[in-house]
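Observations on the three-dimensional arrangement
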Amino acid sequence: MPKGPILLRDFGIPYQSSPVDYKGHKFEHAARILRTYPHLPFVMIGDSGENDADIYLELSRAFPGQVRAIYIRDVRHIKRSQRVAQLIREVADVDIRLIHNYREAAMHAADIGLISKLCFDRLRNK
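Model, not experiment: these values are computed from the prediction. (Residues numbered from 1 in each chain as written. Predicted model: local features only at pLDDT ≥ 70, side-chain atom pairs only at ≥ 80, totals over all residues. Heavy atoms only, no water.)

1. Quick word on the overall build of the protein chain
Of regular secondary structure, the protein chain possesses 5 helices and 3 strands. In the protein chain, the succession of α and β elements from N to C terminus is α-β-α-β-α-β-α-α. Counting the 126 residues in the protein chain, one finds 35% classified as buried. Carbon and sulfur atoms make up 54% of the accessible area of the protein chain, which amounts to about 8400 Å² in all. (Helix = DSSP H or I, 4+ residues; strand = E, 2+ residues; numbered from the N terminus. Buried < 20%, exposed > 50% of the residue type's maximum accessible area, 1.4 Å probe, protein only. Areas by Shrake-Rupley, 256 points an atom, 1.4 Å probe, with all protein chains shown as cover.)

Have a look at this one:
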């Protein structure tokens, strides 16, 4: 993981409203963070079990240049994974990846300069 705070984490917000409201809730919280720190680059990490790919793509377009990469962990639900994979194929303007584990995300992040390759190599050799 890149050095920096984890600013948004879902700790089980009760689902008393519809999934659409949840999408709005997640989008609004992340947008507030992006507005608060316009000078910081962000990496969005989510999974294919929710609408994370859609929300993060929307955020990356609303805040151009701030979202450096989006990693969506494949939760191995075939229909959801296929939907996210199709969404990714349709996107050309955002660096979004469907990953199987966080090591893949770290390798990609090192390749594009988000984390130090030296630091990643040290972790890989442990």
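The rest of the description comes next.
2. What to know about helix H2 (residues 52–62)
Burial runs high along H2: 8 of the 11 residues are buried. Within H2 the residues assigned to the buried category are Asp 52, Ala 53, Asp 54, Ile 55, Tyr 56, Leu 57, Leu 59 and Ser 60.

3. Things to note about the pairing of strand S3 (residues 96–99)
As defined by bridge partners, strand S2 (residues 67–73) adjoins S3 across 4 bridges and the pair is classed as parallel. Within the sheet, the bridge partner assigned to Ile 70 lies in S3 and is Ile 96. Once you follow S2 into helix H3 (residues 78–89) and on to S3, the crossover reads as right-handed. (Pairing = 2+ DSSP bridges. Right-handed = clockwise from strand over helix to strand, strands pointing away.)

4. Things to note about the packing of H2 against H3
At their nearest, the axes of H2 and H3 sit 10 Å apart, and the two run at 25° to each other. Comparing their axes, H3 and H2 come out roughly parallel. Contacts from Ala 53, Asp 54 and Leu 57 of H2 reach H3 at Arg 83, Val 84 and Leu 87. Across the contact of H2 with H3, the residue classes tally to 4 nonpolar, no polar and 2 charged. (Axes fitted to C-alpha atoms, helices over the stretch in contact; angles between N-to-C directions. Parallel < 35°, antiparallel > 145°, perpendicular 65-115°, else oblique. Contact = heavy atoms within 4.5 Å. Nonpolar A, V, L, I, M, F, W, Y, C, P; charged D, E, K, R; others polar.)

5. Some points on the side chain of Gln 66
As for its position among the elements, Gln 66 is in the loop between H2 and S2. Excluding residues within four positions of it along the chain, Gln 66 makes contact with Leu 34, Tyr 37, Pro 38, Leu 40, Pro 41 and Phe 42.

Function-wise, these values are silent; they only describe arrangement.
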